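Chain and residue survey
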Amino acid sequence: MTMITNNLPTAELQRLDAAHHFHPFTDRAALAEKGARVILRGEGCWLTDSEGHRILDGMAGLWCVNIGYGRKELAEVAARQMQELPYYNTFFQTTHVPAIALAAKLAELAPGDLNHVFFAGSGSEANDTNIRLVRRYWQVKEQPEKRVIIARWNGYHGSTLGGGSLGGMKPIHAHGGKIDGIEHINQPYWWAEGGDMSEDEFGLARARELEDKILELGADKVAAFIGEAVQGAGGVIIPPKTYWPEIQRICKKYNVLLILDEVITGFGRTGNWFAAQTFDIKPDIITIAKGLSSGYAPVGGSILSDDVAEVVGSGGDFNHGYTYSGHPVAAAVALENLRILQDEQIIEHVQNVAHPYLAERWAKLAEHPLVGEARLVGLMGSLALVPNKTKGAKFASEEGTVGLRARERCFANDLIMRHVGDRMIISPPLTITPAEIDTLIERATKSLDECYAGLQKDGLLVAQQG
Ligand SMILES: *Cc1c(COP(=O)(O)O)cnc(C)c1O
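Going along each chain's sequence as written, the residues are numbered from 1 onward. Per-residue local features of the predicted model are confined to residues with pLDDT of at least 70, and side-chain atom pairs are confined, for both listing and counting, to 80 or more; whole-chain, interface and lining totals are unaffected and use all residues. Think of the side-chain values as coming from all heavy atoms in the structure, minus any hydrogens and water.

Per an unreviewed UniProt entry, the recorded name for the protein is Aspartate aminotransferase family protein, and the organism is Pseudogemmobacter faecipullorum. UniProt positions are given in the numbering used here, feature names are shortened, and annotations may be inferred rather than shown by experiment. UniProt lists a comment for the protein under the heading Cofactor (unreviewed entry), and it reads "pyridoxal 5'-phosphate". The UniProt entry for the protein carries the following text under Sequence similarities (unreviewed entry): "Belongs to the class-III pyridoxal-phosphate-dependent aminotransferase family."

Quick look at the structure:
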């Protein structure tokens with residue numbers, strides 16, 4: 001077999017990829033026909049593909065490369081740790097320095113009494129851990145029937161069987177099913193689902209669905225509620241400001257643990273270390289991954305309150321863990337990533353420079369004929385594409401048709417912006433500069449213009465009736 005290197009022609013790399021690499025969340029036949037895009041390297045907010053295109057990464061990979069690509073410090077830390085201790089486990093009353101240091105650092109950064117970290121290899125694994133943790137919590141408290149977890153439709157909590165069950169994505173449930181004891185309520189998506197209600201009223205109404213569900217099931221059956229502070233994969237849906245305080249009140253009233261999934265929103269994405277601070281939420285457990293290592297190493301975890309750690313910890317062995325829980329190389333890389341975020345004041349850059357500048361330019365996109373709303377929190381943004389500038393309006397075409405066309409225009413203009421249905425979303429590296437924000441907006445505007453012209457030409461600027 002020939003050596004597979006960067007120097008092979010793109011077509012040959014694509015052929016080998018199609019023959020042997022089965023991709024996540026991808027239609028295999030469609031990809032084989034088109035050929036995967038081959039990314040060779042990254043630097044800052046920029047990627048280079050095998051055709052030599054320089055692409056502005058408006059998604060920071062999959063919402064994770066918070067400090068940007070190409071930071072040698074992380075490579076050096078990984079190389080050093082691999083030589084010193086590439087692996088050891090944290091089972092059987094054993095530990096090592098990178099796991100200790102990362103846990104202590106996270107306890108320092110996390111708000112309130114979130115002082116204890118259970119490590120996983122990813123966000124999905126961490127949410128699987130959370131299912132066990134909250135059920136075990138109530139077992140130790142001698143309320144073993146308190147085991148149902150309430151989550152939201154169109155939430156995303158990973159794609160293992162546990163994470164996928166917590167998530168509210170029906171296409172994921174359809175492939176392999178759902179575990180028992182998970183219930184879903186509606187999402188706080190005011191623009192599309194709020195009808196004539198004010199945003200504040202709607203936030204309260206959607207939060208009160210949690211109370212209704214608890215009363216329907218019985219509070220003695222409900223272990224926890226889980227939600228993303230801001231739904232990411234669901235389309236960057238920023239909840240009304242009334243939503244989280246009401247959720248918090250209800251959880252407290254009925255003794256329901258609150259799990260805040262901060263896999264995307266953690267580590268500066270919303271302009272604070274955690275969105276718990278941005279939205280003033282006091283969770284019992286925070287799920288972390290993605291920006292924890294800026295994607296340089298696979299690592300995730302659950303940060304637990306003193307109460308959760310004490311209760312679960314008082315029940316003897318907790319029968320759960322991963323071979324790579326607290327992996328020393330991943331932990332060392334994550335720690336270096338946190339050092340860079342802190343020492344280079346990257347979160348302050350989001351607050352004082354990148355967010356205010358992008359907010360101004362992003363809001364202007366709402367004036368585009370194809371855009372119904374433009375939303376942004378920190379450096380997480382969305383645009384709702386609409387046929388006729390009406391709140392909540394949908395295209396007559398199948399949902400996602402227009403979003404996909406817009407995404408393809410972005411890709412053609414060397415900008416990575418994703419679509420979720422007919423919403424366009426961004427989540428760039430937190431280090432993005434004002435000049436790069438200008439480029440992002442220019443390319444996004446050009447792509448929207450081209451998409452709009454294409455829709456006009458093909459007669460697709462038509463709203464769904466009713
Ligand atoms: C990505 C994501 C996950 C899953 O993380 P993986 O590392 O892909 O397993 C969980 N929750 C949220 C909110 C996510 O965005």
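A few points about the overall build of the protein
Put simply, DSSP marks the helices as runs of H or I at least four residues long and the strands as runs of E at least two long, and each gets a number from the N terminus on. For the protein, the count of helices and strands is 17 helices and 15 strands. Each principal axis of the C-alpha distribution contributes one length, and for the protein these read about 65 × 60 × 45 Å. In this analysis, two residues are considered to be in contact whenever any of their non-hydrogen atoms come within 4.5 Å of each other. For the protein, the proportion of contacts with a sequence separation of at least 24, taken over those separated by at least 6, is 70%. Throughout, the Shrake-Rupley method with a 1.4 Å probe supplies accessible areas, and for residues the shown protein chains are the sole cover considered. Roughly 20500 Å² of accessible area belongs to the protein as shown, and the carbon and sulfur atoms make up 52% of that amount. Positive: Lys, Arg. Negative: Asp, Glu. His and the chain ends are not part of the count. To locate a charge, take atom NZ for lysine, CZ for arginine, CG for aspartate or CD for glutamate. Put simply, the protein has 45 plus and 57 minus side-chain charges, and the middle of one group is 2 Å from the middle of the other.

Some words on the sheet that holds strand β4 (residues 114-120)
Think of a sheet as strands paired side by side through backbone hydrogen bonds, with each pair either parallel or antiparallel. Reading across the sheet, the 7 strands line up as β4-β10-β9-β8-β7-β5-β6 and stay open at both edges, with mixed pairing between neighbours. Each having just a single partner strand, β4 and β6 (182-185) make up the two edges of the open sheet. Across the sheet, the mean angle from the axis of one strand to that of its neighbour is 25°, orientation sign disregarded. The pairing criterion for strands is at least two bridges between them, as found by DSSP. Sheet topology places strand β5 (residues 148-152) next to β6; 4 bridges connect them, and they run parallel. From the neighbouring strand, Ile-150 faces β6, where its bridge partner is Glu-183. For every element, the axis is a line fit to its C-alpha atoms; helices are fit only across the contacting stretch, and the angle between N-to-C directions ranges from 0 to 180 degrees. Sheet contacts for helix α10 (residues 199-217): β5, β6 and β7 (222-228); angle to β6, the most-contacted strand, approximately 145°. Packing against the sheet, helix α13 (residues 306-313) makes contact with β4, β8 (257-261), β9 (285-288) and β10 (300-305), and its axis sits at approximately 95° to β10.

Quick word on the site of the ligand
For this purpose, a residue is taken to be near a molecule or strand whenever a single non-hydrogen atom of the residue falls within 4 Å of it. In the vicinity of the ligand, the residues found are Ser-122, Gly-123, Ser-124, Asn-127, Tyr-156, His-157, Gly-158, Glu-228, Asp-261, Val-263, Ile-264 and Lys-290. Here a polar contact is recorded for every N or O atom pair within 3.5 Å, except that within protein the pair must consist of a potential hydrogen donor and a potential acceptor, and residues adjacent in sequence are included only if both atoms are side-chain atoms. A distance of 2.5 Å separates an oxygen atom of the ligand from a polar side-chain atom of Ser-124. If you tally residues by element for the shell around the ligand, the top one is helix α6 (residues 123-140), at 3 residues. Ten residues, namely Ala, Val, Leu, Ile, Met, Phe, Trp, Tyr, Cys and Pro, are considered nonpolar, four, namely Asp, Glu, Lys and Arg, are considered charged, and the remaining ones, Gly among them, are considered polar. Of the residues belonging to the shell around the ligand, the class tally is 3 nonpolar, 6 polar and 3 charged.

With respect to the pairing of strand β3 (residues 54-57)
Alignment of strand β2 (residues 46-49) against β3, held across 3 bridges, turns out to be antiparallel. Note on β3: the bridge partner recorded for Leu-47 is Ile-55. The loop that links β2 with its antiparallel partner β3 comprises 4 residues; one of these, Gly-52, has a positive phi angle of about 85°. In the sheet, β3 pairs with strand β13 (residues 415-416) via 2 bridges, with the strands oriented parallel. Across the sheet, residue Asp-57 finds its bridge partner in β13, namely Ile-416.

Considering the nonpolar core
In plain words, nonpolar cores are sets of buried Ala, Val, Leu, Ile, Met, Phe, Trp, Tyr and Cys residues tied together by side-chain atoms within 4.5 Å. Whether a residue is buried, partly exposed or exposed follows from its accessible area with a 1.4 Å probe, protein chains only, as a fraction of its type maximum: under 20%, in between, or over 50%, in that order. Core analysis: the largest hydrophobic core is formed by 99 residues, its most contacted members being Phe-225, Phe-274 and Trp-362. With 8 residues, helix α14 (residues 328-343) is the largest single contributor of residues to this core. Counting contributing residues, this core receives three or more from each of domain 1 (44-67 + 345-458) and domain 2 (73-343). Sequence-distant contacts of Phe-274, that is, excluding residues within four places in its chain, are made with Leu-109, Ala-110, Pro-111, Glu-262, Thr-265, Gly-266, Phe-267, Ile-286, Ile-288 and Ile-303. For the purposes of this description, domain bounds are those given by an automatic or database domain assignment.

Brief notes about the environment of Gln-231
Topologically, Gln-231 is positioned in the loop between β7 and α11 (243-253). In the structure, Gln-231 is positioned 75 residues away from Tyr-156 in sequence and 7.3 Å away in space, judged by C-alpha atoms.

A closer look at the sheet that holds strand β12 (residues 380-385)
Strands sit in the order β11-β12-β15-β14 across an open sheet of 4 strands; the sheet is antiparallel. Edge positions in the sheet fall to β11 (371-377) and β14 (418-420), since each of these pairs with one other strand and no more. Strand-to-strand twist of the sheet, defined as the mean angle between neighbouring strand axes without regard to direction, takes the value 25°. Pairing between β12 and strand β15 (residues 423-426): 4 bridges, direction antiparallel. Bridge pairing links Ser-382 to Ile-425 in β15.

Here we look at the domain arrangement of the protein
As assigned here, the protein comprises domain 1 (44-67 + 345-458) and domain 2 (73-343). Each of domain 1 and domain 2 was reduced to a C-alpha centroid, and the two centroids are 27 Å apart. With 34 residues of domain 1 at the interface, the matching set in domain 2 holds 39 residues. Any carboxyl oxygen of Asp or Glu that lies within 4 Å of a side-chain nitrogen of Lys or Arg is treated as forming a salt bridge with it. Across the contact surface, domain 1 and domain 2 share 1 salt bridge. Where domain 1 packs against domain 2, one counts 20 residue pairs in polar contact (both at pLDDT 80 or more). With 5 residues, the top contributor of residues to the side of domain 1 that touches domain 2 is β11. Across the side of domain 1 that touches domain 2, the residue classes break down as 20 nonpolar, 10 polar and 4 charged.

Concerning unusual backbone geometry
What is expected of a backbone is that most residues other than glycine have negative phi and most peptide bonds are trans. Its identity is not glycine, yet Gln-93 carries a phi of approximately 55°, on the positive side. Residue placement: Gln-93 occurs in the loop between α4 (72-84) and α5 (97-109). The phi dihedral of Asn-154 is positive, around 70°, even though this residue is not glycine. Mapped onto the elements, Asn-154 comes out in the loop between β5 and α7 (161-166).

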